[in-house]
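Tertiary structure, described
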Amino acid sequence: MAPKGDGPGNKRKLANGSKDHSSKKPKFEKRPPRRDEPEDDVSDDSEISDFSDLDDGGAPLNNGQSQNESDLTVRPKSNANQPGKVFEKGQNSRESHIKQRQLAQERKSQKPLADELHRTKKLWERLRLKSKVPKDERQKLVEELFSITTGRMKEFTLKHDAVRVVQTAIKYATPERRKMIAKELRGAYPLLAESKYAKFLIGKLLVKGDDEVRDMIVPEFYGKVRKLINHPEASWILDDIYRGVATKEQKAILLREWYSPEFQIFRQTQESGTTPSAELSQILQEQPNKRGPIMKYLLDMTNQLIQKKMTGFTMLHDAMYQYYINVKPGAEEAKEYMEMIKEDENGDLLKNMAFTGSGARLVCLLLAYGTAKDRKQILKTYKDTFQLMSSDPNGHLVILAAYDLIDDTVLTSKSIVAELLGKTEQDEIPNLVIAANDPNARLTIRYPLEGTSKALFDAGRADDLKLLEELWEIRKTTSKKDPETRRKELVAALSPSLLAAIASSPPDLISTSHGTQLVAEALLSCVGDKTEALNAIASTAKGNPNEDDESEDPTEDAADGLVPREHISKAPHGGRMFKTLIAGGHFDKATKRVIPVDPPLHFADILYPYIKDHIISWAIGPSSFVVLGLMEADDFSHRKELSKLLEERRKVLEMAATEETREQKAAKEASKAKGEDKKATKKKGKKPAVKEAPVGNMGSKLLLEKLKG
């Protein structure tokens, strides 16, 4: 019986475990070449007596030349007809490249429109220079360009290197010629949308064209939404058309194709007598028996794009919103939809949704109906995005919804507030200044302080307020914490950063109207020690209001760090801020009185030492109501001293109360100039009664009445 290790295919090993190297083929060492031995003849036709013999096919050495160089000199040309002819690589390389270029040029010249394409490229090279081409020359070039391309626009647009020429033609064309181009391309728009380069031509036509051009292009995408929205190139131009160009009716027709193949074939138009609607609830109400197929088809389409990571489309977010509002809250469908959205690996879906109207509303509903775990995961997804969302017309709604819906205010403050204001003191001031003056970002800071005040939610934000009211109804069943308790906890989280920023850099914050509103609300609503912040704001009032604003050194005021370049008393928003802080609370229209905050600010006593030396300038200036507020403040301890100062300068007050102010003079001159312009077009008839504008400083008048009393 043979040993176990001697079977076929097994290598024999020695007793010590090493391999038996003697079983391998023997190696033969190559002998070094000998120059003294004569080399045998290798050919009957040639004599190579100058080279030394090499063993085992060794390469010959020729006066120190390398093996490659020697090989190039003796290697015969593979297909040479003449014996001894060789390929000189170094000499023929340049000639070979020239010949290749010539062949490529010949192939191009044999293609259709070769000469025309060559000429239009030359014209494009000249036309694309915006400032270096005279107007007359540009007009001639455009005329020549249209003479070449007219009637052949489709052929040019389908060539990747010629479509830019048509875009230039659209740029410099007249409205009539743009319509001509749009008509020539009719029927080819879906194909152009799938092109990497031609898709931009559609955008150029829509931007430069009018409603007639739009109505020629948009209907060509009807019935092709499912195909194009999944295309890597066409999807973006389709969504751009849906978001920015299409009319309400056209958007409805495009969105209805997400619901069922039936809507791709049978489309409602205004011509048929009914206005198409994309509201899924209305469609399901009209066709309740088709609810199952429609919801499944819509879910499949949205899920398909989510799996492809194509989640930035407004059309997709509109379709997702329609699906979610038509499923029963808490049902299995709603839970599965929530999981599908949360399962997006990088969170791109939720981030993209926050920046569209329907997407932001859907995120707000997810926060409203979700569990505490769902809300925490959604906030985690938006990490490092809240600052960008705060200034977005739609994204800020997600932040407001989080304030109202999440019971864990510690999580909210760490996730949102810390990012909005900044994690360091150096970041807090610039972030707060930017947020205070941004129309959307200021809501994310002031909403916990003021709630839904008219100063924040004007008539233009009626939709935002309506959404918040809807969320308040939902949270009655999904939230356990009292809304007022939640708001106070958020204010407590905001207070340290706001008060520190006001104390460290008051001039930056009060330089604008919205900045002074934020400062006033923060000092009234924040909790904690406000002494330093109140003193910092009061210090901005120091100085003589009548001094020349323009200093010799422009950086002098900035280096001081306390007084703005224009004195705060001359800014209307500055006077309103001081008056509000002196009153120490908000004015209640129902009771027609100021409701003071607790604890009281006592700002009148803090401000008076800074303006005492120039109190008359304040009393007769634009901010005269600040002095009036001091006289009316219940907690002002220097009223007698102030009354004495004003009594001493009564004549100055009387003069200011009767003479026109600078603002009144400017308004009178502007009104007079406006009236002269209207004289030529004025109709004959009875003159309307003109209400005379008041003359004199109203604050000075009221101060005189106070002194009399």
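1. Here we look at a positive patch on the surface
- Among the surface-exposed residues, K376, K380, K383 and K423 lie close enough to one another that they form a single positively charged patch.
- Among the residues examined, K380 registers a relative accessible area of 67% and is labelled exposed.

2. As for the packing of aromatic side chains
- Counting across every chain of the model gives nine aromatic pairs.
- Aromatic side chains Y447 and F457 sit 6.0 Å apart centroid to centroid with 75 degrees between the ring planes, which places their arrangement in the edge-to-face category. With Y447 in helix α26 (residues 441-450) and F457 in the loop between α26 and α27 (462-478), the pair connects residues that are 10 residues apart, well separated along the chain.
- Its relative accessible area of 6% is what places Y447 among the buried residues.
- On the basis of relative accessibility, which here comes to 5%, the residue F457 falls in the buried class.
- The rings of Y323, Y324 and Y337 are connected pair by pair, giving a single aromatic cluster.
- Taking the ring centre of W124 as reference, the NZ or CZ of R164 above it sits at 4.9 Å.
- For K251, the ring lying beneath its charged end belongs to Y242, and the centroid distance is 5.2 Å.

3. Some points on the side chain of H573
- Relative to the elements of secondary structure, H573 occurs in helix α33 (residues 572-583).
- Those residues in contact with H573 that lie beyond four places of it in its chain are I510, S511, T512, S513 and T516.

4. Side note on the confidence of the model for the chain
- Confidence along the chain averages 82 in pLDDT terms, with 79% of residues attaining 70 or more.
- Every residue in residues 35-90 scores below 50 in pLDDT, and together they form 30 contacts with partners more than four places removed in sequence or on other chains.
- The low-confidence segment residues 549-564, where pLDDT is below 50, has 20 contacts with residues more than four positions distant or belonging to other chains.

5. Remarks on the environment of H614
- The topology assignment puts H614 in the loop between α34 (603-611) and α35 (615-619).
- Owing to a relative accessible area of 24%, H614 belongs among the partly exposed residues under this scheme.
- On a C-alpha basis, the gap between H614 and N546 in space is 9.1 Å, while along the polypeptide they are 68 residues apart.
- Once residues lying within four places of it in the same chain are set aside, the contact partners of H614 are G543, N544 and P545.

6. Here we look at the side chain of Q322
- Structurally, the position occupied by Q322 is in helix α17 (residues 314-324).
- Engagement of the side chain of Q322 in a polar contact is seen with the backbone nitrogen of L280, the distance being 3.0 Å.

7. Description of α27
- Under the 1.5 Å per step criterion, the end-to-end length of α27 is 24 Å for 17 residues, consistent within 8% with the ideal 24 Å.
- Against the buried residues of α27 lie α20 (357-369), α23 (395-405), α26 and α28 (483-504).

8. Considering α33
- Compared with an ideal rise of 1.5 Å per residue, which puts 12 residues at 16 Å, α33 spans 17 Å between its outermost C-alpha atoms and is within 8% of the ideal.
- Looking at the buried residues of α33, the elements they touch are α30 (513-525), α31 (531-539), α34, α35 and α36 (624-632).
- Downstream of α33 by a residue or two, G584 has a phi angle that is positive, lying close to 75 degrees.

9. Overview of the pairing of strand β1 (residues 585-588)
- Taken together, the four bridges between β1 and strand β2 (residues 593-596) define a ladder with antiparallel strand orientation. Bridge pairing links F587 to V594 in β2.
- Between β1 and β2, which pair antiparallel in sequence order, lie four residues; one of them, K592, sits at a positive phi of approximately 55 degrees.

10. As for the environment of L117
- With respect to the helices and strands, L117 occurs in helix α3 (residues 114-127).
- For L117, a relative accessible area of 12% corresponds to the buried category.
- With 32 residues separating them in the primary sequence, L117 and T149 have C-alpha atoms 9.2 Å apart.
- Excluding residues within four positions of it along the chain, L117 makes contact with F156, K159, D161 and A162.

11. A few points about the packing of α17 against α20
- Running from N to C, α17 and α20 cross one another at 35 degrees; their axes reach a closest spacing of 8 Å. Considering the relative orientation of α17 and α20, their crossing is left-handed. Only S358, G359, R361, L362, L365, L366 and Y369 of α20 make contact with α17, whose side of the interface consists of H317, D318, M320, Y321 and Y324.
- Partitioning the contact of α17 with α20 into residue classes produces seven nonpolar, three polar and two charged.

12. Let's talk about the pattern of salt bridges
- Counted according to the given criterion, the structure contains 26 salt bridges.
- Residue D215 is joined to R214 by a salt bridge in which the shortest nitrogen-to-oxygen separation is 3.2 Å.
- For K296, the salt bridge identified is with D300, shortest N-O distance 3.1 Å. Of the two residues, K296 and D300 both sit in helix α16 (residues 291-307), four residues apart, roughly one turn of that helix.
- Given a relative accessible area of 55%, K296 falls into the exposed group.
- Sharing partners across several salt bridges, the network here consists of K179, D210 and E212.

The rules behind the values
- Residues numbered from 1 in each chain as written.
- Predicted model: local features only at pLDDT ≥ 70, side-chain atom pairs only at ≥ 80, totals over all residues.
- Heavy atoms only, no water.
- Patch = residues over 30% accessible without salt bridge, like charges linked within 9 Å, V, L, I, M, F, W, Y side chains within 5 Å.
- Areas by Shrake-Rupley, 256 points an atom, 1.4 Å probe, with all protein chains shown as cover.
- Salt bridge = Lys/Arg side-chain N within 4 Å of Asp/Glu carboxyl O.
- Lys, Arg positive; Asp, Glu negative; His and termini not counted.
- Charge placed at Lys NZ, Arg CZ, Asp CG, Glu CD.
- Buried < 20%, exposed > 50% of the residue type's maximum accessible area, 1.4 Å probe, protein only.
- Phe/Tyr/Trp six-rings, centres within 6.5 Å; stacked < 30°, edge-to-face > 60°.
- Helix = DSSP H or I, 4+ residues; strand = E, 2+ residues; numbered from the N terminus.
- Lys NZ or Arg CZ within 6 Å of the ring centre and 35° of its normal.
- Contact = heavy atoms within 4.5 Å.
- pLDDT = per-residue confidence, 0-100.
- Polar contact = N/O pair within 3.5 Å; in protein donor to acceptor, adjacent residues only side chain to side chain.
- Expected span 1.5 Å × (residues − 1).
- Pairing = 2+ DSSP bridges.
- Axes fitted to C-alpha atoms, helices over the stretch in contact; angles between N-to-C directions.
- Left-handed = near helix turned anticlockwise from the far one by under 90°.
- Nonpolar A, V, L, I, M, F, W, Y, C, P; charged D, E, K, R; others polar.

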